[in-house]
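Chain by chain, the residues:
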Amino acid sequence: MKLAHVYLEYQKLSLNHTFTYDCQDLPVERGMRVKVPFGNRLSVGFVDHVEEVERYEGRYQLKAVYEVLDEKPLINEELFALAKQMSYHYVAPMISCFQAMLPSKIKPRSHKDKVVFETWIEYVMHKRNPTKRQLEVLDEMKVLQSISKREFLMLYKSVGTRLIKEGCFRELLCEKEALLQGERLDVKKKLSAAQEKAFAEIKAAKQDVVLLHGMTGSGKTELYLQLAQEVVEAGETVLVLVPEIALTPQMVKRVTMRFGADVAIYHSGLSPQQKYEQYQLVAKGRVHIVVGTRSAVFMPFAKLGLIVMDEEHDNSYKQDQSPRYHCRDVALWRGRYHHCKVLLGSATPSLESYARAYKQVYGLVSLKERINKQMPKIDLVDMKGSMRKGAHHLIAPALKEAIEQCVMRKEQVILLLNRRGHTPILRCGECGEVLHCPHCDSAMAYHKQKQVLKCHICDTTTAVPTACPNCHATQSFEYIGYGTQRMEEALLSLLPGIRVLRMDRDTTTQKDAHERLLEQFENQEYDILLGTQMIAKGLDFENVTLVGILNADAGLARSDYACVEETFDLLYQACGRSGRGAKAGRVMMQVFDTEHYAVRCAMLQDYEQFFYHEMRYRHLAGYPPYRYLSSVVLHHAQSDVAREESERLLAQFQGRKDILFLGVSELGKRMDRFRFRILMKSKDQDRMIQLLHEMYAYHASAKMRTKIELDSETVGS
Ligand SMILES: Nc1ncnc2c1ncn2[C@@H]1O[C@H](COP(=O)(O)OP(=O)(O)OP(=O)(O)O)[C@@H](O)[C@H]1O
Ligand SMILES: [Zn+2]
């Protein structure tokens, strides 16, 4: 008889094993989805393997597969092996790894999402006595054989309709496919001498992983494109990863201008159907280049010839739910599997990657100069001083004047304020009460346009109360701090007539919003682009000659170890947006702590100095990349339960050899759950991961009431 061993759709580590079903006479293969009875309902499962046996000898009564959902396997052997590795390394169930790999339409999970079908036209025969145009169409279709009706009618219009009527073509129902569009409008640029050298070094590097450490505006993207071209010409595929959706429009534009319709695009801004269609382009081998964000790293490539990871230092590459994978690690894994080069690019490499390059584990190639050979002039504006003098405490006079002059010259400004919303805090002037989210330990931010308070953790939205909930005073709220919305208002009143474009999570919720906004700015419909971190990196506008960074050192106030590196990266990258074209650029950073080394190194645009300084600190404090850091978070609706169980878990494992436990710390309430965390450090990653598996098993066997979240590579705490 034939048995299918199936992972079920539930994301629980305790169900991280296969269940066996009878699949006699069904066309089931490894890597397909099936519907199977489980308990008293039907669940979706993912077939791990199929086995022929004489008879079934399991403990339970054997049930039969109810339905096979796919005609072909969705996951190949490479991705199976990757899922297994991820499941172990990130302490996550296999099923959640498969789910992370597949677009939502075909995730092994019960949902109503259906793949959309569309009509296709297939060539049947020529007709007698065709007109000249009809003959052309028939000849073309005879070569092409089949094409979607949409595209067919777009190409052949009424002649096509007529020929369908006359029986020359037949209509069939097929899965809807993405139309491949895009003309090659751009040709290779002539590489500068520095780019030429870097190009040769990357190709000659003996290591398969190469870190391209290139100044902002040094022409890294042109190198990616030219390296990609060689790979594509050899018939292999290239994956280009970008950290976040705000950066995809520019990269997609540059790649499609060069490679035309040979490109698939994959990011979270696409609808599920579009994602599925782009995924199928890769699965069917119709394109040679994929540009995408984090999850594009799981595309079903037949033969990868190159992986490029742009802005490799960016935190958006880390997924913050189970499986908590880092896109870079998956990219490196896939690079090894395909024996292809992985090129990590950044102006501010992560300490971890730079340290590996330093030790020659990775190749290191540098581009030390901008293409336009000029750096912007960078100044610090000491806000302590300007506050004492009673100046406007949002925008220092020097920055205001620089903006005015820049706009007068018809040049453009980027202003970075890494905080969205209108006012971060509303506080009662009578009793000092701060308005908090009812579900989280976080202040509610005021969003003026919609006249609501919003929690930036759980997105809970409420009306602004008329009276203080604590002392019942009316009209007593003080608005404290500035978000991008309030800054926009302030700019408009401070600089009348100025055209401000705001870009943050609130203005980019609509589909294609990033693309539209960036295009408007590029067409110079606005003078100032004001936004959060999403505008600080990667963007290339040649008319921007002034960058202002407001509250530049705010990020340093966080308590976790990674905030210094993050702040340095943000400031350094933001400086890099100014003066990228022919005109000279300027940067003004408004800071309170002018002496902090993250601020100073960013001002001097000195990555190496920052690297040595920060690495010394990490070494002394025993943080990554010198030690691995893992965490276990337990949460429960009752604070006592979460605390007590965390302490119990800690007591059970504390004292393990080679592992340093940093105790239990309270993380506060999030979405009505009280969270407590155990942090652990070790030099030995295998031992640490083994321990996490044991902690998980103990949590389950001790029947703890809390939910458990494990992160084998914790960043930033
Ligand atoms: N060889 C070249 N000849 C002429 N112009 C070039 C060449 N290479 C790159 N450029 C131009 O120089 C500008 C900066 O290049 P690019 O955007 O690739 O820099 P980058 O290194 O990716 O910067 P960042 O790290 O800031 O994203 C772009 O406008 C690009 O078109
Ligand atoms: Zn909340």
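- Labelled according to an unreviewed UniProt entry, the protein appears under the name Replication restart protein PriA, originating from Massilicoli timonensis.
- Word for word, the UniProt comment on the protein under Function (unreviewed entry) is "Initiates the restart of stalled replication forks, which reloads the replicative helicase on sites other than the origin of replication. Recognizes and binds to abandoned replication forks and remodels them to uncover a helicase loading site. Promotes assembly of the primosome at these replication forks."
- In its Sequence similarities (unreviewed entry) section, UniProt records this for the protein: "Belongs to the helicase family. PriA subfamily."

### A short note on the overall build of the protein
Point 1. For the protein, the count of helices and strands is 19 helices and 31 strands.
Point 2. For the protein, the C-alpha radius of gyration of 28 Å lies close to 27 Å, the compact-globule estimate for 717 residues.
Point 3. Referenced to the eigenvectors of the C-alpha coordinate spread, the extents of the protein come out at roughly 85 × 75 × 60 Å.
Point 4. Restricting the contact set of the protein to residue pairs at least 6 apart, pairs at least 24 apart contribute 73%.
Point 5. Accessible area for the protein stands at about 33100 Å²; split by element, carbon and sulfur atoms hold 50% of it.
Point 6. Each charge class in the protein was averaged separately, 99 positive and 90 negative side chains, and the resulting centres sit 1 Å apart.

### Notes on the site of ligand 1
Point 1. Residues in contact with ligand 1 amount to 20 residues; listed here are only the nearest, Lys190, Gln195, Lys220, Asp540 and Arg580.
Point 2. In this structure, Gly217 approaches ligand 1 through a main-chain N or O atom, which is 2.9 Å from an oxygen atom.
Point 3. In isolation ligand 1 exposes 630 Å². Once the protein is present, 84% of that is buried.
Point 4. Ranked by the residues each element gives to the shell around ligand 1, the list is headed by helix α6 (residues 220–233), at three residues.
Point 5. Lining the shell around ligand 1 are residues from two domains, each supplying at least three of them: domain 3 (193–367) and domain 4 (377–420 + 483–617).

### Re the coordination of the zinc ion (ligand 2)
Point 1. Taken together, the protein ligands of the zinc ion (ligand 2) are Cys437 (SG), Cys440 (SG), Cys455 (SG) and Cys458 (SG), with distances of 2.2 to 2.3 Å.
Point 2. Every donor counted, the four donor atoms about the zinc ion (ligand 2) form angles of 107 to 112° at the centre, which fits tetrahedral coordination.
Point 3. Mapped onto the sequence, the residues coordinating the zinc ion (ligand 2) show the spacing C-x2-C-x14-C-x2-C.

### Remarks on the UniProt feature "domain: Helicase ATP-binding" (unreviewed entry) in the protein
Point 1. Summarizing the sequence annotation, UniProt attributes the feature "domain: Helicase ATP-binding" (unreviewed entry) to residues 201–367 in the numbering used throughout.
Point 2. Summarising residues 201–367: 37% helix, 22% strand, and an end-to-end C-alpha distance of 11 Å.

### Observations regarding helix α19 (residues 685–701)
Point 1. Helix length check: α19 (17 residues) gives 24 Å between terminal C-alpha atoms against 24 Å at 1.5 Å per residue, within 8%.
Point 2. Along α19, the residues that are buried comprise Gln685, Met688, Ile689, Leu691, Leu692, Met695, Tyr696, Tyr698 and His699.
Point 3. Those residues of α19 that are buried lie in contact with α1 (77–89), β28 (628–636), α18 (639–653), β29 (659–670), β30 (673–682) and β31 (707–711).
Point 4. N-cap assignment for α19: the residue whose side-chain oxygen lies 3.2 Å from the backbone N of Asp686 is Asp684.
Point 5. Lys703, located one to two residues past α19, shows a positive phi value of around 50°.

### Looking at the packing of aromatic side chains
Point 1. The tally for this structure, following the rule as stated, stands at 25 aromatic pairs.
Point 2. Considering the side-chain rings of Tyr7 and Phe98, the 6.1 Å spacing of their centres and the 55° angle between planes classify their relative orientation as tilted. Of this pair, Tyr7 sits in strand β1 (residues 2–8) while Phe98 is found in helix α2 (residues 94–101), placing the two residues 91 residues apart along the sequence. Grouping residues by exposure puts Tyr7 and Phe98 together as buried.
Point 3. The interplanar angle of 15° and the centroid separation of 5.7 Å between the aromatic rings of Trp333 and Tyr337 together place this pair among those described as stacked. Of the two residues, Trp333 and Tyr337 are both situated in helix α9 (residues 327–338); the distance of four residues between them amounts to about one turn of the helix.

### A look at unusual backbone geometry
Point 1. Cis peptide bonds are those with omega within 30 degrees of zero, and the linkage from Ser322 to Pro323 qualifies with -5°.
Point 2. If you trace the backbone, Pro323 turns up in the loop between β14 (304–310) and α9.
Point 3. The linkage connecting Pro624 with the following residue, Pro625, adopts the cis geometry, with an omega of 0°.
Point 4. Mapped onto the fold, Pro625 is located in the loop between α17 (607–621) and β28.
Point 5. In the Ramachandran plot, Val91 falls in the positive-phi region, its phi being about 50° despite a non-glycine side chain.

### A short note on the UniProt feature "binding site: Zn(2+) 1" (unreviewed entry) in the protein
Point 1. Sequence positions flagged by UniProt for "binding site: Zn(2+) 1" (unreviewed entry) are, in local numbering, Cys428, Cys431, Cys468 and Cys471. Judged by maximum C-alpha separation, these annotated positions cover 44 residues in sequence but sit close together in space, the widest gap being only 8.6 Å.
Point 2. Relative to the assigned elements, Cys428 resides in strand β19 (residues 425–428).
Point 3. Non-local contacts of Cys428, meaning those with residues more than four positions away in its chain, are made with Glu433, Cys468, Cys471, Ser476 and Phe477.

### Here we look at the packing of helix α10 (residues 351–358) against α17
Point 1. Between α10 and α17, the shortest axis-to-axis distance is 11 Å and the interhelical angle comes to 100°. In terms of orientation, α10 and α17 fall into the roughly perpendicular class. Contact residues: α10 offers Leu351, Tyr354, Ala355 and Tyr358, while α17 offers Tyr607, Glu608, Phe610, Phe611, Tyr612, Glu614, Met615 and Arg618.
Point 2. Across the contact of α10 with α17, the residue classes tally to nine nonpolar, no polar and three charged.

### A few points about the nonpolar core
Soluble globular proteins: nonpolar side chains tend toward being buried together.
Point 1. If you look at the biggest cluster of nonpolar residues, it comprises 125 residues, and the most contacted ones within it are Ile75, Leu239, Leu241, Ile549 and Met589.
Point 2. Formed by 24 residues, the second largest nonpolar core is a distinct cluster that contains Ala396, Leu399, Leu417 and Leu546.

### Digging into the domain arrangement of the protein
Point 1. When cut into domains, the protein gives domain 1 (2–106), domain 2 (117–175), domain 3 (193–367), domain 4 (377–420 + 483–617), domain 5 (421–482) and domain 6 (628–711).
Point 2. A separation of 39 Å is found between the C-alpha centroids of domain 4 and domain 6.

### Re the packing of α1 against α2
Point 1. Running from N to C, α1 and α2 point in directions that differ by 125°, and their axes come no closer than 9 Å. Judged by the angle between their axes, α1 and α2 are oblique. As α1 packs across α2, the resulting crossing turns out to be right-handed. Residues Leu79, Phe80, Leu82, Ala83, Lys84, Met86 and Ser87 of α1 form the contact with α2, whose participating residues are Met94, Cys97, Phe98 and Met101.
Point 2. Classifying every residue of the contact of α1 with α2 by side-chain character gives nine nonpolar, one polar and one charged.

The rules we used
- Residues numbered from 1 in each chain as written.
- Chains lettered and ligands numbered in written order.
- Predicted model: local features only at pLDDT ≥ 70, side-chain atom pairs only at ≥ 80, totals over all residues.
- Heavy atoms only, no water.
- UniProt positions renumbered as here; feature names shortened; annotations may be inferred.
- Helix = DSSP H or I, 4+ residues; strand = E, 2+ residues; numbered from the N terminus.
- Rg over C-alpha atoms; globule rule 2.2 N^0.38 Å.
- Contact = heavy atoms within 4.5 Å.
- Areas by Shrake-Rupley, 256 points an atom, 1.4 Å probe, with all protein chains shown as cover.
- Lys, Arg positive; Asp, Glu negative; His and termini not counted.
- Charge placed at Lys NZ, Arg CZ, Asp CG, Glu CD.
- Near = heavy atom within 4 Å.
- Polar contact = N/O pair within 3.5 Å; in protein donor to acceptor, adjacent residues only side chain to side chain.
- Domains from an automatic or database assignment.
- Donors = N, O, S within 2.8 Å, 3.2 Å for Na, K, Ca; no water.
- Tetrahedral: all angles 85-135°; square planar, octahedral: opposite > 155°, others 65-115°.
- Expected span 1.5 Å × (residues − 1).
- Buried < 20%, exposed > 50% of the residue type's maximum accessible area, 1.4 Å probe, protein only.
- Phe/Tyr/Trp six-rings, centres within 6.5 Å; stacked < 30°, edge-to-face > 60°.
- Axes fitted to C-alpha atoms, helices over the stretch in contact; angles between N-to-C directions.
- Parallel < 35°, antiparallel > 145°, perpendicular 65-115°, else oblique.
- Nonpolar A, V, L, I, M, F, W, Y, C, P; charged D, E, K, R; others polar.
- Core = buried A, V, L, I, M, F, W, Y, C linked by side-chain atoms within 4.5 Å.
- Left-handed = near helix turned anticlockwise from the far one by under 90°.

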